[in-house]
Every structure is written in C-alpha cells, then in structure tokens.
Amino acid sequence: LPIAILVIYSFNDSRSVAVWGGWSLRWYRELLNDGAMMEAVWTSLRIALVSASAATLLGTLAALALTRIGRFRGRFVFSAMMYAPLVLPEVIIGLALLLLFVAVDFDRGFWATALAHTTLTMCFVAAILQARLIDFDRSLEEAAMDLGCSPLRTFLTVTLPLIVPAIVSGFLLAFTFSFEDFIIAF
C-alpha cells in the first residue's frame, strides 16, 4: 500500500505532498529535463550493468567450485569470504573497500564503484546458483558423457541450459542491488 500511494503521488501536480493538485506528468518532465539527474541515472545504470555482469560470471564460477569440486584446500576460507557480504553491514564493506582503494592508490571513480558493487552482489548470485546446483540431477551429465560428449560440451549443452534461469535470476538480483545501492557508492 505505501508503494502504491507513492506511485500515485508521483503524478501529483502540486508541489506539496499533503495537497492533491490533480493528475500530471509535470515532475516526470522535470526529471527528464534535469541534466545532472539524468547523468546520475545513466551512470547508475552503467555501473549496475557492469557489476551485475561481473558478479554473475564470478558468482557462477564460485557456485560451480563450491558444488562440483567437493573438498579442496581453503574451501572454508573461500566460502566464508564468498558469503561475508551477506552478513556484514554495507557501511563496513564500503569502509573496508575505501581503505583498500586508498592503500593501493586505486582511482575512486566508475571502476572502483563497479568493483565494490561486484564484491557486494557476487554472493547473491553464488547463493542462488549454489541452491540450483545442489539439487541438479547429475545423471543427465553422466548420460551425455556416456554418449561421447566432452566435459565442456556436456556443460554447454546440458548443464548450462538447465541453470540459465538461476543465472538470469542472479543477474537481475545483482543488477537491482547494484542500481539501488548508495552506501557502497558513497
């Protein structure tokens, strides 16, 4: 209900939220004519697209490593670092990344923000894909390899099509988190 009211009042012609001035697209026109605001939206979209793409690739690889490789040296540390952004406050992550970027003298602009958002959102992609891969029917892959497929071809023709919905879900979640995140960017 609060979101519906917010959407309705976005079409209010009045300057005051307390007074209904009739239906209007006035504030949307104001937004589209504000160059600084549109530049900010464009920058946010670019950062979200870059970071969601990188987070999807890295999160998919992490989920595959955690579900397919089994026990490996450093698995606990890798898993803990992978899922740390889920439990740590964003302010702490943002401050830690800022200190890292300052220490290594990394320019704090577009790429630093995209890298920070990738770090933050990669765990969500990995969690979604890991959930999908845990209950994945491995006999489908075994059947493809019994019929002569190489491991790469098996992955591309059997596994990947079956996990694409989870990959798309992870990408959309990473894009949304990155697009709306202000704390890390700040």
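Below is a summary of the structure that appears in this document. Note that the structure is a prediction, hence the values are computed from the model and not measured.

So, the overall build of the chain
When you go through the chain residue by residue, the secondary structure sums to 8 helices and 0 strands. Going from the N terminus to the C terminus, the chain shows its helices and strands as α-α-α-α-α-α-α-α. Dimensions of the chain along its principal axes, counting C-alpha atoms only, are 70 × 40 × 30 Å. Taking all 186 residues of the chain together, 30% fall into the buried category. Of the contacts formed within the chain by residues at least 6 apart in sequence, a portion of 65% connects residues at least 24 apart. Counting only carbon and sulfur atoms, one obtains 71% of the accessible surface of the chain, whose full area is about 12,100 Å². Distance between charge centres in the chain, computed from 12 positive and 14 negative side chains, equals 4 Å.

Here's the deal with the packing of aromatic side chains
Within the structure shown, the criterion is met by 10 aromatic pairs. Ring geometry for Tyr-9 versus Trp-20: centroids 5.4 Å apart, planes at 85 degrees, classification edge-to-face. Pair noted here: Tyr-9 is in helix α1 (residues 2–9) and Trp-20 is in the loop between α1 and α2 (26–33), with a separation of 11 residues, a long-range link. Connected via pairs of aromatic rings, a cluster forms that spans Tyr-9, Phe-11, Trp-20, Trp-23 and Tyr-28.

Considering the side chain of Thr-60
You can see Thr-60 is positioned in helix α3 (residues 35–68). A distance of 2.6 Å separates a polar side-chain atom of Thr-60 from the backbone oxygen of Thr-56. Other than its neighbours up to four places away in sequence, Thr-60 contacts Ala-55, Val-125, Leu-129 and Ile-167.

Criteria and thresholds
Every residue gets a number counted from 1 within its own chain, in the order that chain's sequence is written. In keeping with the model being predicted, local features are shown solely for residues with a pLDDT of at least 70 and side-chain atom pairs are shown and tallied solely at 80 or more, while totals for entire chains, interfaces and linings include all residues. Here the side-chain values reflect all heavy atoms present in the structure, with hydrogen atoms and water set aside. Secondary structure elements are defined from DSSP: runs of H or I of at least 4 residues count as helices, runs of E of at least 2 residues count as strands, and each element is numbered from the N terminus. Buried, partly exposed and exposed residues are distinguished by accessible area as a fraction of the type maximum, computed with a 1.4 Å probe on protein chains only: under 20%, between the cut-offs, and over 50%, respectively. Between two residues, a contact is recorded if the distance between any of their heavy atoms is within 4.5 Å. Per-residue and other accessible areas were derived by the Shrake-Rupley procedure at a 1.4 Å probe size, with only the shown protein chains allowed to occlude residues. His is not counted here, nor are the chain ends, while Lys and Arg score as positive and Asp and Glu score as negative. For charged residues, the charge sits on one atom: NZ in Lys, CZ in Arg, CG in Asp, CD in Glu. In this scheme Phe, Tyr and Trp rings, the latter by its six-membered ring, pair at centre separations within 6.5 Å, and the angle between planes marks the pair as stacked below 30 degrees, edge-to-face above 60, and tilted otherwise. For this analysis, a polar contact is any N or O atom pair within 3.5 Å, provided that within protein one partner can donate a hydrogen and the other can accept it, and provided that sequence-adjacent residues contribute only side-chain to side-chain pairs.

Scope: geometric values only; no functional claims are made or implied.
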